[in-house]
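# Chains, contacts and geometry: an overview
Read off the chains here:
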Amino acid sequence: MTKTKFTREEALAFHLDPTPGKWEVTATVPMTTQRDLSLAYSPGVAVPCEEIAANPELAYDYTNKGNLVAVISNGTAVLGLGNLGALGGKPVMEGKSVLFKRFADVNSIDIELDTEDPEEFIKACKLMGPTFGGINLEDIKAPECFIIEQRLKEEMDIPVFHDDQHGTAVICAAGLINALHLSGKKIEEVKIVLNGAGAAGIACLELLKSMGAQHDNCIMCDTKGVIYQGRTEGMNQWKSAHAANTKLRTLEEAMVGADVFLGVSAKGAVTQDMVKSMADNPVIFAMANPDPEITPEEAHEVRVDAIVATGRSDYPNQVNNVLGFPYLFRGALDIHARAINDEMKIACANALAELAREDVPDEVALAYGKSLTFGRDYIIPTPFDPRLIHRIPPAVARAGMDTGAARRPIIDIEAYEAGLRGRMDPTASVLRSINSRARAAQSRMIFAEGDDPRVLRAAVMYQRNGFGKAVVVGREADVKEKLEASGLGDAVREIKVVNAANTPHLEAYKEFLYKRLQRKGYDRQDVHRLAARDRHVFAALMLAHGHGDGLITGATRKSAHVLEAINHVYDADAEHGVAGVTALLHKGRIVLISDTLVQEWPEAEDLANIAERGADVARHLGLEPRVAFVSFSTFGYPVSERASKMHRAPKILDERGVDFEYEGEMTVDVALNTRAQENYPFQRLTGPANVLVVPARHSASISVKLMQEMAGATVIGPILAGIDSSIQICSTTMTANDILNMAVLAACKVG
């Protein structure tokens, strides 16, 4: 995997647009009529208030407490940045909140407490206890983090979990289970050396000892060396609990003969000589961020038998906390747990380890651009494995029930697992897969409109995010000026700028174009003007001659004009079955609508072609196509001449023998609603349609824009489908990020 690059300006813009911050509150009940308001607030709200006052457990039924976690910090240890204060740490806490939602559908609110006094912090958390089903402590410096967590766990009746400690420990334990399995060693017998006696390091060692690691086999080190019995310098009660009865005094001495090294310390803390001195088949978890104690390359250079993990996404075996905390809380919340205990953490680690040993789904391999198989370079599941949501929480819940931590045990665990499968947003995996495939493809992307700042920003982002090489059509001086005005002056040296004046291929382009257009009323002078002066035509000619792998255009001109220009070079018209397919992403659903670009008023044969194009795009996006021909009528009623072509189009697909589901004509509610489909037992769709073929381009456009403006749907496209080369046409209202998304689609050859 490549390391994502971005500028400070991009990071700031991400947090600023479209609204400041990373999350918002939306109502889950109707709030439109006077009756709604009366039920939501006074007087209707009095009823659940009385019920909860009489039985506090009912708060889990009548409020959001049961799916609400507080991410609480005072900002005294923010990432690797140190004490930034409560407000300085807020972006991190907001980010943690959205990770809860993204990975486990847990609602979360970030709370920043402006105090470094542990007693004040503890009091504030306790006072907020009734609001939440759990508390995730974050970025609190040691030793205060130990004091705060221990007191809150003792004095509160909901899970309190300091992720900097236990999240790292759980994922580390999961990886170590599998690393020792591959090495043929047992945790009860191995010698473990830990460097970094802070919150995470101490939690790692405590959890491993609870899993069977022997105290006498574990050596903890800090900046002053080995923590041994009798040492007084730099000690505290938490370090003292792990002091070893040993004559070893330095990390270098401790590493001799060690089976396992765990690092939560600093870059370069481990040398190659130390690694050489370790036992056979050593396990090295160099988890310092952003740079590990020793890189995998450095370790493998001297020990090919080593199993190495880091905290970084651009190396195999990433120890990533997002594999743990969302699912731990998901399982704990679902049993209304009083706490997250060691047994629940161990269950999480074991479930993660077991998952890594199983065959990896194709969608995960596709997203990462490589085959993932259990072994030395794959001992921990990837954060985007879709099985995590329905495998880890049940394991945590079972452990909580077995140990008495559950207030409300789950009776039907199989039904619970099935429910978890449906909680996740499938759009996230689709978009992630597209991005990963684009990075693997490394396509040279032609951006036709180099005079537009949005296009230039998209081109720079395309290249800096590792998708491939950006080729911009424009004048060099103009491109440089606009990049500098956008704060991207350093990007001038990165992207390639091409125009008719500086390409050696112009004559070949013109000859090609003349052969295509000479019988369509164009002479050589016309062809020269098109090839040399129309950037859309010029860019299409570049693509046709293999001087790029994909083309992005249309951000500055109406799509009809751009399509006409491209049609000079490619057969981009209805006659050749080309269609525009727009993807709508809304509330966890993906629906494709077509044709939104090419054909104004398609007939039945055209509609069948459009359906095939839509099915192609669906499959490129990782969806199994279910196509519905939609109209205002359903299977012949009401009778209308305008609906007849929607009725005939499926019969044409019958004759063609296509290999995807399709049905029609039908109204949109029947197409998208399984319960409505049950009224027509003869219909052939096995679920809600994900490709809607509409009667005309205007109805497609209205549908898309209505969903975008009224429902807030995310729109991707229109995706130009049915052309031999990868071309995507943007709209004039697109932002730089939208244009980048179109480039990523083009890189994946979606369409």
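In this numbering scheme, every chain counts its residues from 1 along its sequence in written order. Only residues with pLDDT of at least 70 are given local features in this predicted model, and only at 80 or more are side-chain atom pairs given and counted; all residues enter the totals for whole chains, interfaces and linings. Side-chain metrics in this entry use all non-hydrogen atoms of the structure; hydrogen atoms and water are not considered.

Looking at an unreviewed UniProt entry, one finds the chain named Malate dehydrogenase (Oxaloacetate-decarboxylating)(NADP+) and attributed to Alloyangia pacifica.

### Brief notes about the environment of Ile 610
Each helix corresponds to a stretch of at least 4 residues labelled H or I by DSSP, and each strand to a stretch of at least 2 residues labelled E; elements are numbered beginning at the N terminus. Within the element layout of this structure, Ile 610 appears in helix H27 (residues 604–620). Through-space distance from the C-alpha of Ile 610 to that of Gly 722 is 9.2 Å; in sequence the pair is 112 residues apart. If we ignore the near neighbours within four places in the chain, the residues touching Ile 610 are Ala 579, Ser 594, Asp 595, Gln 599, Pro 602 and Val 693. The contact rule is simple, with two residues in contact once any of their heavy atoms fall within 4.5 Å.

### Things to note about the UniProt feature "binding site: NADP(+)" (unreviewed entry) in the chain
UniProt positions are given in the numbering used here, feature names are shortened, and annotations may be inferred rather than shown by experiment. Those residues carrying the UniProt feature "binding site: NADP(+)" (unreviewed entry) are Val 78, Leu 79, Gly 80, Leu 81, Gly 82, Asn 83, Leu 84 and Gly 85 in this numbering. With respect to the helices and strands, Val 78 occurs in the loop between strand E1 (68–73) and helix H5 (85–88). The residues touching Val 78, leaving out its near neighbours within four places in the chain, are Leu 84, Gly 89, Val 92 and Asp 139. Within the secondary structure, Gly 82 sits in the loop between E1 and H5.

### Observations regarding the UniProt feature "binding site: a divalent metal cation" (unreviewed entry) in the chain
Taken from the UniProt record, the annotation "binding site: a divalent metal cation" (unreviewed entry) applies to Glu 138, Asp 139, Asp 164 and Asn 289. Structurally, the position occupied by Asp 139 is in the loop between strand E3 (134–137) and helix H8 (144–155). Setting aside its immediate chain neighbours within four residues, Asp 139 contacts Ser 73, Asn 74, Gly 75, Thr 76, Ala 77, Val 78, Leu 79, Val 92, Met 93, His 162 and Asp 164. When you line up the elements, Asp 164 lands in helix H9 (residues 163–183). Categorising residues by exposure relies on relative accessible area from a 1.4 Å probe, with only protein chains included: less than 20% of the type maximum marks a residue as buried, more than 50% marks it as exposed, and the intermediate range marks it as partly exposed. The class of Asp 164 is partly exposed, set by a relative accessible area of 21%. With sequence-adjacent residues up to four places away left out, Asp 164 is seen in contact with Glu 138, Asp 139, Ile 140 and Ala 200. Looking at Asp 164, its side chain comes within polar contact range of the main-chain nitrogen of Asp 139, at 2.6 Å. For this analysis, a polar contact is any N or O atom pair within 3.5 Å, provided that within protein one partner can donate a hydrogen and the other can accept it, and provided that sequence-adjacent residues contribute only side-chain to side-chain pairs.

### As for a nonpolar patch on the surface
Put simply, a patch holds well-exposed residues, over 30% relative accessible area, that have no salt bridge, with like charges counted together within 9 Å and Val, Leu, Ile, Met, Phe, Trp or Tyr side chains within 5 Å. Each accessible area is a Shrake-Rupley estimate made with a 1.4 Å probe; only the visible protein chains count as cover when residues are assessed. When a carboxyl oxygen of Asp or Glu lies within 4 Å of a side-chain nitrogen of Lys or Arg, that pair is called a salt bridge. Nonpolar side chains collect at one region of the surface, where Val 29, Met 31 and Leu 37 lie side by side and expose about 250 Å² of accessible area between them. When its relative accessible area of 46% is taken as the criterion, Val 29 is described as partly exposed.

### As for the domain arrangement of the chain
In many reports, interface size means the accessible area that the parts give up when they come together. All the domain ranges listed were derived from an automatic or database domain assignment. With domains assigned, the chain is organised as domain 1 (64–158), domain 2 (165–323 + 336–387 + 406–422), domain 3 (435–568) and domain 4 (577–722). With centres defined by C-alpha atoms, the gap from domain 1 to domain 2 works out at 24 Å. At the interface, 11 residues of domain 1 touch 13 residues of domain 2. Buried area: the sum, over both parts, of the accessible surface (1.4 Å probe) that disappears when the two are put together. For the pairing of domain 1 and domain 2, the buried interface totals around 1,100 Å² over both sides, and the portion due to carbon and sulfur atoms is 61%. Our count for the domain 1 to domain 2 interface comes out at one salt bridge. Sorting the residues of the side of domain 1 that touches domain 2 by element identifies helix H6 (90–104) and H8 as the ones contributing at least two each. It is H8 that contributes the most residues to the side of domain 1 that touches domain 2, four residues altogether. Its residues assigned to classes, the side of domain 1 that touches domain 2 comprises eight nonpolar, no polar and three charged. Residue classes follow a fixed rule: Ala, Val, Leu, Ile, Met, Phe, Trp, Tyr, Cys and Pro count as nonpolar, while Asp, Glu, Lys and Arg count as charged, and any other residue, Gly among them, counts as polar.

### Describing the pairing of strand E16 (residues 589–594)
By the criterion of burial, E16 is predominantly enclosed, with five of the six residues buried. One ladder, built from six bridges, connects strand E15 (residues 579–586) with E16; its direction is antiparallel. Residue His 586 lies in a different strand from E16, and its bridge partner there is Arg 589. DSSP bridges decide pairing: two strands pair if at least two such bridges lie between them. Between E15 and the antiparallel strand that follows it, E16, lie two residues; Lys 587 among them carries a positive phi value of about 50°.

### Description of helix H18 (residues 388–402)
Helix span, as expected, comes to 1.5 Å for every residue beyond the first. Look at H18: 21 Å from first C-alpha to last across 15 residues, which is about the 21 Å you get at 1.5 Å a residue. Burial of H18 is extensive: 11 of the 15 residues sit out of reach of the surface. Those residues of H18 that are buried are in contact with H6, helix H15 (325–334), helix H16 (342–357) and helix H19 (413–421).

### Comments concerning the sheet that holds strand E2 (residues 107–112)
Taken together, the four strands give an open sheet; going across it, the order is E2-E1-E3-E4, and neighbouring strands pair in parallel fashion. Every interior strand has two partners, whereas the edge strands, E2 and strand E4 (160–162), have only one. Here the strands of the sheet are splayed against their neighbours by 25° on average, with no regard to which way each runs. Sheet topology note: the E3/E4 ladder contains three bridges and is parallel. Across the sheet, the residue bridging to Ile 135 is Val 160, located in E4. Axis lines are fitted to C-alpha atoms, over the contacting stretch for helices. Their N-to-C directions set the angle, which ranges from 0 to 180 degrees.

### Side note on the packing of aromatic side chains
Each Phe, Tyr or Trp ring (for Trp, its six-membered ring) is paired with any other whose centre lies within 6.5 Å, and the angle between the two planes then decides the class: stacked below 30 degrees, edge-to-face above 60, tilted in between. As enumerated under the stated definition, the model contains 12 aromatic pairs in all. Taking 5.4 Å as the distance between ring centres and 80° as the angle between the ring planes, the aromatic pair formed by Phe 100 and Phe 329 counts as edge-to-face. Remark: Phe 329 occurs in helix H15 and Phe 100 occurs in helix H6; sequence separation between them is 229 residues. Both residues of the pair, Phe 100 and Phe 329, count as buried. An angle of 70° between the planes, with centres 4.9 Å apart, marks the rings of Phe 635 and Phe 682 as edge-to-face. Of this pair, Phe 635 sits in the loop between strand E17 (626–630) and helix H28 (641–656) while Phe 682 is found in the loop between helix H30 (674–677) and strand E19 (691–693), placing the two residues 47 residues apart along the sequence. For a ring to carry a charge above it, either NZ of a lysine or CZ of an arginine must fall within 6 Å of the ring centroid while also lying within 35 degrees of the normal to the ring plane. Stacked on the ring of Tyr 228, the Lys or Arg Arg 249 has its end atom at 3.6 Å from the ring centre. Over the aromatic face of Tyr 514 sits the side chain of Arg 524, whose NZ or CZ is 4.0 Å from the ring centroid.

### A short note on H6
Here H6 contains 15 residues, and its C-alpha end-to-end distance of 21 Å stays within 8% of the 21 Å for a straight helix at 1.5 Å per residue. Looking at H6, one finds that the buried residues are Met 93, Glu 94, Gly 95, Lys 96, Ser 97, Phe 100, Phe 103 and Ala 104. In this fold, the buried residues of H6 make contact with E1, E2, E3, H9, H15 and H18. Downstream of H6 by a residue or two, Asp 105 has a phi angle that is positive, lying close to 55°.

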